[in-house]
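# Geometric and topological summary
Next come the chains, spelled out residue by residue.
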Amino acid sequence: MDFSNKTVFITGASRGIGFEIAKKMASVGANVVIAAKTATPHPKLPGTVFSAAEEIERLGGRALPLVLDIRDENHVFEAVEKVVETFGGIDILVNNASAISLTGTLWTDMKKYDLMHQVNARGTFLTSKACLPHLLKSKNPHVLTLSPPLNIEARWFENHVAYSMAKFGMSLCTLGMAAEFKNKVAFNSLWPKTIIATAAIEFAVGNSDMLDRARKPSIMADAAYEIFKQDHVSTTGQFFIDEEVLRAANYTDFDVYKVNPSLGDHELIPDFFI
């Protein structure tokens, strides 16, 4: 699969998993759209859309930084038009932007509830909708959403029902749109087998010690790349797990993805919904 001059639109791409996918796709020749809310440096979190784009270009890629709040319908459609104007089309969409609050019902205020549902479920639907007219013109279009397998079990809801509802809403977009656009656009989800060392773990979950027992975001980037190499007709409607994707692609060294390579596999922390 030749990704030269292919355009990848990634939400939440200023840091973490989204940024790693951006770097991976730039390394194989793709144009990368860095779409995220962060325009100025955050006191605790690294990266802005501009610093991410600068690093992509230092690596030899072409990047378009876009300050974008995917809750805003007009801004999303304007952003898509800017991408098409700049690169001529859209071939891959990565729905990575997400909001998290691991709180129980009585401790989840409605402002936080609304944020998670507007960013996660609604944002995924809206960005997919806006990109679809252009994806339908691509030769091998893919939409990849970073959301979990649809394991509808009470244990995944009881401690943080609002967050789980919002994340499964993203997965329902994959399920429904894969059927709606069968043979036209691939819609798949990707989820990590273990926790990934990102700001969400360090700050949202509130336990920096967990990072030592995590994998690096690069495992998700490599898995996404392997999915994008597949034909959009035969590879759709799937809920992929990063390690399983890479094992199927004959990857064998998973220690390179560990934050602490000295730990055994059994010491890594499984992610939610697995």
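Residues numbered from 1 in each chain as written. Predicted model: local features only at pLDDT ≥ 70, side-chain atom pairs only at ≥ 80, totals over all residues. Heavy atoms only, no water.

Here we come to the overall build of the protein. Of the regular secondary structure elements, the protein holds eight helices and seven strands. A compact globule built from 274 residues would reach a C-alpha radius of gyration of about 19 Å, and the protein, at 17 Å, matches this within 12%. Referenced to the eigenvectors of the C-alpha coordinate spread, the extents of the protein come out at roughly 45 × 45 × 40 Å. Relative to its 274 residues, the protein shows a buried fraction of 53%. For the protein, long-range pairs separated by at least 24 residues make up 73% of all intrachain contacts whose partners lie at least 6 apart in sequence. Only carbon and sulfur atoms are counted for the fraction: they give 52% of the accessible area of the protein, which is about 12400 Å². Here the protein contributes 27 positive and 31 negative side-chain charges, whose respective centroids are spaced 3 Å apart. (Helix = DSSP H or I, 4+ residues; strand = E, 2+ residues; numbered from the N terminus. Rg over C-alpha atoms; globule rule 2.2 N^0.38 Å. Buried < 20%, exposed > 50% of the residue type's maximum accessible area, 1.4 Å probe, protein only. Contact = heavy atoms within 4.5 Å. Areas by Shrake-Rupley, 256 points an atom, 1.4 Å probe, with all protein chains shown as cover. Lys, Arg positive; Asp, Glu negative; His and termini not counted. Charge placed at Lys NZ, Arg CZ, Asp CG, Glu CD.)

What follows is about the pairing of strand β4 (residues 92-95). Alternating positions in β4 separate into two faces, Ile92 and Val94 on one and Leu93 and Asn95 on the other, with burial throughout. As paired elements, strand β1 (residues 7-11) and β4 share three bridges and run parallel to each other. The partner of Ile10 across the bridge, within β4, is Val94. As paired elements, β4 and strand β5 (residues 142-145) share four bridges and run parallel to each other. Residue pairing in the sheet places Asn95 in a bridge with Thr145 of β5. For the handedness criterion, the β-α-β arrangement of β4, helix α4 (residues 110-135) and β5 is classed as right-handed. (Pairing = 2+ DSSP bridges. Right-handed = clockwise from strand over helix to strand, strands pointing away.)

Further remarks concern the environment of Ala36. Inspection of the secondary structure assignment puts Ala36 in strand β2 (residues 31-36). Linking Ala36 and Phe50, residues 14 residues apart in sequence, is a C-alpha distance of 9.9 Å.

Attention now moves to the nonpolar core. If you look at the biggest cluster of nonpolar residues, it comprises 40 residues, and the most contacted ones within it are Phe9, Val83, Ile90, Leu135 and Phe187. Elements with a minimum of two residues in this core: β2, β3 (62-67), α3 (73-87), α4, α5 (161-180) and β6 (186-191). Val83 has contacts with Thr7, Phe9, Val33, Leu64, Leu66, Gly88, Gly89 and Ile90, leaving out every residue within four places of it along the chain. Counting residues in each nonpolar core, the second largest holds 38 residues, with Val49, Ile56, Ala63 and Phe254 among its members. (Core = buried A, V, L, I, M, F, W, Y, C linked by side-chain atoms within 4.5 Å.)

Here we take up the environment of Ala249. By the element assignment, Ala249 lies in the segment after α8 (242-248). Judged by relative accessible area, Ala249 falls into the partly exposed class, the value being 28%. Distance in space between the C-alpha atoms of Ala249 and Pro261 is 22 Å, their sequence separation being 12 residues.

Take the pairing of β5 next. Of the two faces of β5, the one carrying His142 and Leu144 and the one carrying Val143 and Thr145 are both buried. Since β5 and β6 lie parallel, the crossover through α5 that links them has a hand, and here it is right-handed.

Opposite charge on two side chains permits pairing when their charged atoms draw close. All chains considered together, the criterion is met by 10 salt bridges. Salt-bridge contacts for Lys193 lead to Glu243; the nearest nitrogen and oxygen are separated by 3.5 Å. Taken together, the residues span a long stretch of sequence, with Lys193 in the loop between β6 and α6 (199-204) and Glu243 in helix α8 at a distance of 50 residues. What makes Glu243 buried here is its relative accessible area of 9%. For Glu226, the salt bridge goes to Lys229, with nearest N and O atoms at 3.2 Å. The class of Glu226 is buried, set by a relative accessible area of 9%. Using a relative accessible area of 32% as the deciding quantity, one classes Lys229 as partly exposed. (Salt bridge = Lys/Arg side-chain N within 4 Å of Asp/Glu carboxyl O.)

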